[in-house]
Amino acid sequence: MPAAEIIYQHDPMALLRKLPFVGRQAEYETMLKKLADARNNRGSVILLAGEPGIGKTRLTEEFCEHASSGATVIRGNCYEGDVSAPFGPWTEALRSLIEQTPDTDLRETLGPGAPDIAAMMPEIRQRLPDLEEAPRLDPESERARLFESIVAFLRNAAEKRPLVIFFDDLHWCDRPSLALLEQIARGIADRRIVIVGTYRDVEVDRVHPLAQPPYGRPDALLKPLLEPCAQRDGAG
């Protein structure tokens, strides 16, 4: 009698990710094209919008798994109820990027803005203990300088390897994180960076930041509106 081995893993989603991926080929091909463009210094932002449970996260995870063979992939999650601190999704994503950057490259990749980023993420000083403190400014100027420092960090990282940044559930994203996303999105057209964000369109009203420029302009960002597979294929 043939034997079968069943491997139980701690990750309950592991089995789901191994199941065949079907039903989103058109969107998936579009994302792969954007990744190919990014390798040729044509970065972009992709927003995937649709109702809950429609497959936005699964599609993006499949894309990220494919991209990881030739690109650095980082991810930030947004949570319901504003339970995370300001810039929570970015802190999560940048922490992943820092962890993937070797000690020998970290200072150079962070660039001159390293003290500003370290103020946001103090663990950087454990790897760069001689890093100076960032000069104090008024809050608005400090935030502008932080944004510029993060933009430079991402650009430097993408010089070494294409960079894919995935944000899940942007409809729950805090406003400072969306402001940073907007600034970065405006400056990656000539960079090896792809930003992918998912959100529930049913939770974005007309005053939500995702409904405003640049996100709300049809020509500003690629935004495939996912439809249920059965309905799209005429089965329901």
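Quick caveat, the model's predicted, so the values are computed rather than measured. (Residues numbered from 1 in each chain as written. Predicted model: local features only at pLDDT ≥ 70, side-chain atom pairs only at ≥ 80, totals over all residues. Heavy atoms only, no water.)

### Side note on the overall build of the chain
Step number 1: In terms of helices and strands, the chain carries ten helices and four strands.
Step number 2: For the chain, the N- to C-terminal ordering of α and β elements is α-α-β-α-β-α-α-α-α-α-β-α-β-α.
Step number 3: Of all 236 residues assigned to the chain, the portion counted as buried reaches 45%.
Step number 4: When contacts within the chain are restricted to residue pairs at least 6 apart in sequence, long-range pairs at least 24 apart make up 78% of them.
Step number 5: Accessible area for the chain stands at about 12900 Å²; split by element, carbon and sulfur atoms hold 52% of it. (Helix = DSSP H or I, 4+ residues; strand = E, 2+ residues; numbered from the N terminus. Buried < 20%, exposed > 50% of the residue type's maximum accessible area, 1.4 Å probe, protein only. Contact = heavy atoms within 4.5 Å. Areas by Shrake-Rupley, 256 points an atom, 1.4 Å probe, with all protein chains shown as cover.)

### Considerations on the environment of Arg161
Step number 1: Mapping Arg161 onto the fold places it in the loop between α8 (139–160) and β3 (163–168).
Step number 2: With a relative accessible area of 34%, Arg161 lands in the partly exposed category.
Step number 3: Distance in space between the C-alpha atoms of Arg161 and Thr72 is 6.4 Å, their sequence separation being 89 residues.
Step number 4: Apart from the residues lying within four places of it in its own chain, the contact partners of Arg161 are Ser68, Ser69, Gly70, Ala71, Thr72 and Arg192.
Step number 5: A distance of 3.0 Å separates the side chain of Arg161 from the backbone oxygen of Ala71, its partner in a polar contact. (Polar contact = N/O pair within 3.5 Å; in protein donor to acceptor, adjacent residues only side chain to side chain.)

### As for helix α2 (residues 25–39)
Step number 1: Helix length check: α2, at 15 residues, gives a terminal C-alpha distance of 21 Å against a target of 21 Å (1.5 Å per residue), a fit within 8%.
Step number 2: By the burial criterion, the buried members of α2 are Glu27, Tyr28, Met31, Leu32, Leu35, Asp37 and Ala38.
Step number 3: Looking at the residues trailing α2, positive phi occurs at Asn41, about 65°. (Expected span 1.5 Å × (residues − 1).)

### Brief notes about the confidence of the model for the chain
For any part of a model where pLDDT is low, the fine detail of the predicted coordinates should not be relied upon.
Step number 1: A residue-level look at the chain finds 80% of positions with pLDDT of 70 or above and a mean pLDDT of 84.
Step number 2: Least confident of the elements in the chain is helix α1 (residues 14–18), whose mean pLDDT is 44; most confident is β3, at 98.
Step number 3: Segment residues 1–19 is flagged for pLDDT under 50; beyond a separation of four residues in sequence, or across chains, it makes seven contacts in the model.
Step number 4: Taken together, the stretch residues 229–236 has pLDDT below 50 and engages in nine contacts with residues farther than four places along the chain or on a different chain. (pLDDT = per-residue confidence, 0-100.)

### Let's talk about the side chain of Ser149
Step number 1: Tracing the chain through its elements places Ser149 in helix α8.
Step number 2: Each residue touching Ser149, except ones within four places of it in the same chain, is listed here: Gly113, Asp116 and Ile117.

### Thoughts on the sheet that holds strand β1 (residues 44–50)
Step number 1: Read across the open sheet, the four strands follow the order β1-β4-β3-β2; overall the sheet is parallel. The sheet is open, and its two borders are formed by β1 and β2 (72–77), each paired with just one other strand. Averaged over all pairs of adjacent strands, the angle between their axes in this sheet comes to 15°, without regard to strand direction.
Step number 2: Each of β1, β3 and β4 (193–200) touches α2; the most contacted strand, β4, lies at about 150° to it. (Pairing = 2+ DSSP bridges. Axes fitted to C-alpha atoms, helices over the stretch in contact; angles between N-to-C directions.)

### Digging into the pairing of β1
Side chains on a regular strand alternate between the two faces of the sheet.
Step number 1: Burial within β1 is extensive, with seven of its seven residues counted as buried.
Step number 2: Residues Ser44, Ile46, Leu48 and Gly50 line one face of β1 and the alternating positions Val45, Leu47 and Ala49 line the opposite face, and both faces are buried.
Step number 3: Taken together, the seven bridges between β1 and β4 define a ladder with parallel strand orientation. In the strand pairing of β4, Ser44 is matched with Val194.

### Examining the nonpolar core
Step number 1: Core analysis: the largest hydrophobic core is formed by 46 residues, its most contacted members being Trp90, Leu154 and Leu170.
Step number 2: At the level of elements, β1, α4 (88–100), α5 (103–110), α6 (114–120), α8, β3, α9 (175–185) and β4 are the ones that each hand at least two residues to this core.
Step number 3: Among the elements that take part in this core, α8 stands out by supplying eight residues, more than any other.
Step number 4: Setting aside residues no more than four positions away along its own chain, Trp90 makes contact with Met120, Leu154, Ile165, Phe167, Ser177, Leu180, Leu181 and Ile184.
Step number 5: Counting residues in each nonpolar core, the second largest holds 16 residues, with Phe63, Cys64, Phe166 and Val196 among its members. (Core = buried A, V, L, I, M, F, W, Y, C linked by side-chain atoms within 4.5 Å.)

### Looking at the packing of aromatic side chains
Step number 1: All told, the structure shown has two aromatic pairs when counted by the stated rule.
Step number 2: For the ring pair Phe87 and Phe147, a centre distance of 5.9 Å and an interplane angle of 90° mean the geometry is edge-to-face. One end of the pair, Phe87, is in the loop between β2 and α4; the other, Phe147, is in helix α8, with 60 residues separating them in the sequence. No difference in accessibility class separates Phe87 from Phe147, as the two residues are buried. (Phe/Tyr/Trp six-rings, centres within 6.5 Å; stacked < 30°, edge-to-face > 60°.)

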